[in-house]
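# An overview of the molecular structure
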Amino acid sequence: MLEKKGEVYFMFQKPETGLYQLSNRISIDKILDRNVYAYANEASFSYFIGLNIPFEVLDHPGDVDFDLNMKTWEDLLMRDLTESWDFYPTYEAYVSLMYYFEDTFPDLAEIVKIGESVLGRDLLFAKISPQVNERRPVPQFMYTSTMHGDETAGFILSLRLIHHLLTNYGEDDAITDLMNNVEIWICPNENPDGTYRFNNSTLAGATRGNINGVDLNRNYPNPVNDPLQVQQPETTAMINFTDTMNFIMSANMHGGIELVNFPFDSWTSNQNKHADHDWWEFVMYEYVDTVHAHSPAGYMTGMGDGVTHGGDWYVIYGSRQDYFNYYKSCREFTLELSNQKLLNPALLPAHWDYNYRSLLNYIRQSTYGLHGTVYDNETGEPLLAEIYIPGHDSDNSQVYTALPHGNYNRPILEGTYDIRYSAEIHNTVTITGVDLFNYHTKNIHIALGAESSGEIFEISLSIEGEGGKVLPYSGTGYFNDGANVFLNAIPDSGYQFLKWTENGEIVMDDDEPAGEAYVFTAEADRNLVAVFQSEETDIPVHVEISDQVVTDGEDVCFSALLTITISNFAVEAGGSTRLIAGENIRLLSGTSVAAGGYLQARIAADANDYCDIPEAKEIASVVPVDSKEDIVSTDLSIEIRENGFFKIYPNPTDGMFTLELTTIKPDQNTTVEIYSMVGDRLFSEELHPQRSYELSLEHYQPGMYIIRVIKGDQVGMERVIRR
Ligand SMILES: [Zn+2]
């Protein structure tokens, strides 16, 4: 047996003492009652025999007498994969199937070879992610299977999970949402030399160890006892690959018993609990409770209820689970899918049905808890940062941001936590009293570099209709007090960015409407909407005109969806100019209209009210400016904006008009000012608090005037036409 397979499977009675030391030399598979089931290679088996413990050699689990229903790639091409997954692929069929996923779903799947086994077989991951070639600011998640080559249920369940995700994207809302919010990596077989122990065309004779007889699940660096056996190529490939990733959660799949086993393996729970022990129990019972609801009685009831802390079952060193939890800040558990290690392929569809909901639920847990980005407060550049929960984290359970986006993801059981953010060269920020809830995601974005009070403000971002997205996020986020919030509105193709609005008002940044890249300081809750516009219209968003003269006989018109700004602009006698903007018209210094020239500036009534509409050429009002000399406004720019706090009617007026305030506070005086179109103040008066006032333009010439109202800290402007 040893000569042929390189390993032996045997059983002995659990000794009173010394099992820990023994587990360092032989590979304990499971302990049921007082029976220890174990594997050993030649060297470790002679060590064991030297201990004179009575033992019994068992049939090797990889030696089976049923039909393995092996399928070649040619066989698989002739079947509909969605029908049934009741087969095992040859090695070539497995590799072809992986690349078939990439070829068939090039936008969703990429096959990444992370290395080779001892014998040169491929170690393959399927990366599953919309825009698969991009690194998105979402959690990275990993499933792997069959690091024990003879434990094969997870091999097929992993392949089927890849297929299930790819074929349901865009079809099933829950799957689509899951894939949009997680980057999923699946490696169906970590030990192909063990699985295809004798040749590529059969799983018969599969072994636990790799070709060197080494148990790969005892081969990882360990905080208590480093592995005795030299690190194997399969282990090195996994370590090197995952060093380039920021996996948040993962699991590795096995067989031989039916249960879920959560960290740590290296200690009993009395000796050392994982910082998120309570979260582990929560997600582990979610896993098995869901399985139990969809499986026959008795399935996945190992260790009584199907859930065990690793070390409470039996302590081992060098496990993959402890490596990821202890060294990589990744929450990984060990999933034991079937009592029969090399599962009869006829039972694979049932095992999929028992488990697939739980497999998806567990991925989804990576989207819950505390998420966000950490960036430099001055530059907005994403930072490599540590997110640590004082009084909670231990043994490297803290998480880190991932570049290039600076995003972090921290699954955790609901509760109230203080969160500490730190990065090199930057001041540390601690946010206190953050409430987190199960099955909810809270996005806290942290700017490092400035002092922070620890307070957070809610900044909500939404998009009106369709047409674009906002980076770094949309939805509700929390920013620390004093953080510069860097927003980027990115239009979809065929659209352009129009404006930011808040409570129906256009958002201003200094004197300008805020642009696509809008930066502001978080000092209060905000509720921003990004508005995009179809590019079908020819009308630009902003128009700036300067150094232009409109001469006698010329009739020009300028339209902008948002703002028109003019400066050094002269209308000579006999010239006519119209300015029609969606939100805002600014006449800067150097604007002049000669006597006999015409300038009209107005806010568009609706989407059709622009220059290129023939009816709009009927000039509703012309502003003749009486001038003996050029009228130049030198120090005042006039803004005409729609405002929400007063109304003017009738407008146009023959002289008398009413100014009506929409709200009134008795303790606030109101100042009304009237300006000419070029910025001369004609009238200013403070009025006692009341809702409406009668004002007169009877003594002024026909034309357009600006009414400016100052009430408390509110300032609003409206234009009024004197006929
Ligand atoms: Zn195993």
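Reading guide: rules and limits
Residues numbered from 1 in each chain as written. Predicted model: local features only at pLDDT ≥ 70, side-chain atom pairs only at ≥ 80, totals over all residues. Helix = DSSP H or I, 4+ residues; strand = E, 2+ residues; numbered from the N terminus. Rg over C-alpha atoms; globule rule 2.2 N^0.38 Å. Contact = placed C-beta atoms within 7 Å. Pairing = 2+ DSSP bridges. Axes fitted to C-alpha atoms, helices over the stretch in contact; angles between N-to-C directions. Expected span 1.5 Å × (residues − 1). Buried ≥ 20, exposed ≤ 12 C-beta atoms within 10 Å, placed from the backbone. Parallel < 35°, antiparallel > 145°, perpendicular 65-115°, else oblique. Left-handed = near helix turned anticlockwise from the far one by under 90°. Nonpolar A, V, L, I, M, F, W, Y, C, P; charged D, E, K, R; others polar. pLDDT = per-residue confidence, 0-100.

## Notes on the overall build of the protein chain
Of the regular secondary structure elements, the protein chain holds 13 helices and 46 strands. Against the compact-globule benchmark of 27 Å for 723 residues, the protein chain has a radius of gyration of 36 Å, which places it well outside the compact range. Across its three principal axes, the protein chain shows a C-alpha extent of roughly 120 × 55 × 45 Å. Restricting to contacts in the protein chain with at least 6 residues of sequence separation, those with at least 24 account for 66%.

## A word on the sheet that holds strand E4 (residues 55–57)
Within a sheet, adjacent strands bond to each other through the backbone by hydrogen bonds, running parallel or antiparallel. Strand order in the open sheet formed by 4 strands is E2-E3-E1-E4, and the pairing between neighbours is antiparallel. Each edge of the open sheet carries a strand with a single partner, namely strand E2 (27–32) and E4. Recorded for the sheet is a direction-independent mean angle of 25 degrees between the axes of neighbouring strands.

## Concerning the pairing of strand E25 (residues 484–491)
Both strand E23 (residues 468–471) and E25 contribute to a ladder of 4 bridges, which runs antiparallel. Its bridge partner lying in E25, Lys469 is registered against Ile490. Where E25 meets strand E30 (residues 517–521), 5 bridges bridge the pair, whose relative direction is antiparallel. Along E30, the bridge assignment pairs Val485 with Phe520.

## Digging into helix H6 (residues 153–168)
The end-to-end C-alpha distance of H6, which contains 16 residues, comes to 22 Å, matching closely the 22 Å that a straight helix rising 1.5 Å per residue would cover. Counting buried residues along H6, 13 of its 16 residues qualify, which places the element largely inside the surrounding structure. Once H6 ends, the next one or two residues include Gly170, with phi positive near 85 degrees.

## Let's talk about the pairing of strand E24 (residues 475–480)
Here strand E21 (residues 441–448) runs beside E24; their pairing, made up of 2 bridges, is parallel. Looking at the pairing, Ile444 lines up with Tyr478 of E24. Bridge count for strand E22 (residues 456–464) against E24 is 6 bridges, and the pairing is antiparallel. Pairing of Ile459 across the sheet is with Gly477, part of E24.

## Thoughts on the environment of Val550
Secondary-structure assignment places Val550 in strand E32 (residues 542–550). When the C-alpha positions of Val550 and Arg586 are compared, they lie 18 Å apart, and in sequence the two are 36 residues distant. Once residues lying within four places of it in the same chain are set aside, the contact partners of Val550 are Val556, Val571, Glu572, Gly575 and Thr577.

## Concerning the environment of Asn41
Along the polypeptide, Asn41 turns up in the loop between strand E3 (35–40) and helix H3 (42–49). Spatially, the C-alpha atoms of Asn41 and Ser684 are 98 Å apart, while their sequence positions differ by 643 residues. In contact with Asn41, not counting residues within four places along its chain, are Gly6, Glu7, Gly209 and Gly213.

## A short note on the packing of H6 against helix H13 (residues 348–365)
The N-to-C vectors of H6 and H13 enclose an angle of 60 degrees; their axes lie 10 Å apart at closest approach. When the axes of H6 and H13 are compared, the pair comes out oblique. Every pair of crossing elements has a handedness; the one defined by H6 and H13 is right-handed. Facing Ala153, Ile156, Leu157, Arg160, Leu161 and His164 of H6, the residues of H13 in contact are Leu348, His351, Trp352, Asn355, Tyr356 and Leu359. Split by residue class, the contact of H6 with H13 holds 8 nonpolar, 3 polar and 1 charged.

## Quick word on the confidence of the model for the protein chain
When pLDDT is averaged along the protein chain, the result is 88, and 94% of the positions lie at 70 or above. Counted against residues more than four places away or in other chains, residues 613–641, with its pLDDT under 50, gives 65 contacts.

## What about the packing of helix H10 (residues 277–292) against H13?
Running from amino to carboxyl end, H10 crosses H13 at an angle of 155 degrees, the nearest separation of the two axes being 8 Å. Between H10 and H13, the crossing angle belongs to the class labelled roughly antiparallel. Of the two elements, H10 crosses H13, and the hand of that crossing is right-handed. Counting all contacts with H10, which are made through Val283, Glu286, Tyr287, Thr290 and Val291, the residues of H13 involved are Tyr354, Asn355, Arg357, Ser358, Asn361, Tyr362 and Gln365.

## Regarding the sheet that holds strand E41 (residues 656–661)
With antiparallel pairing, 3 strands are arranged side by side in an open sheet as E40-E41-E44. Only two strands of the sheet have a single neighbouring strand rather than two, namely strand E40 (646–649) and strand E44 (692–696). Each strand of the sheet is rotated relative to its neighbour by a mean of 25 degrees, with strand direction disregarded. With 5 bridges connecting them, E41 and E44 associate as antiparallel partners. Note that in E44 the partner of Glu660 across the bridge is Ser692.

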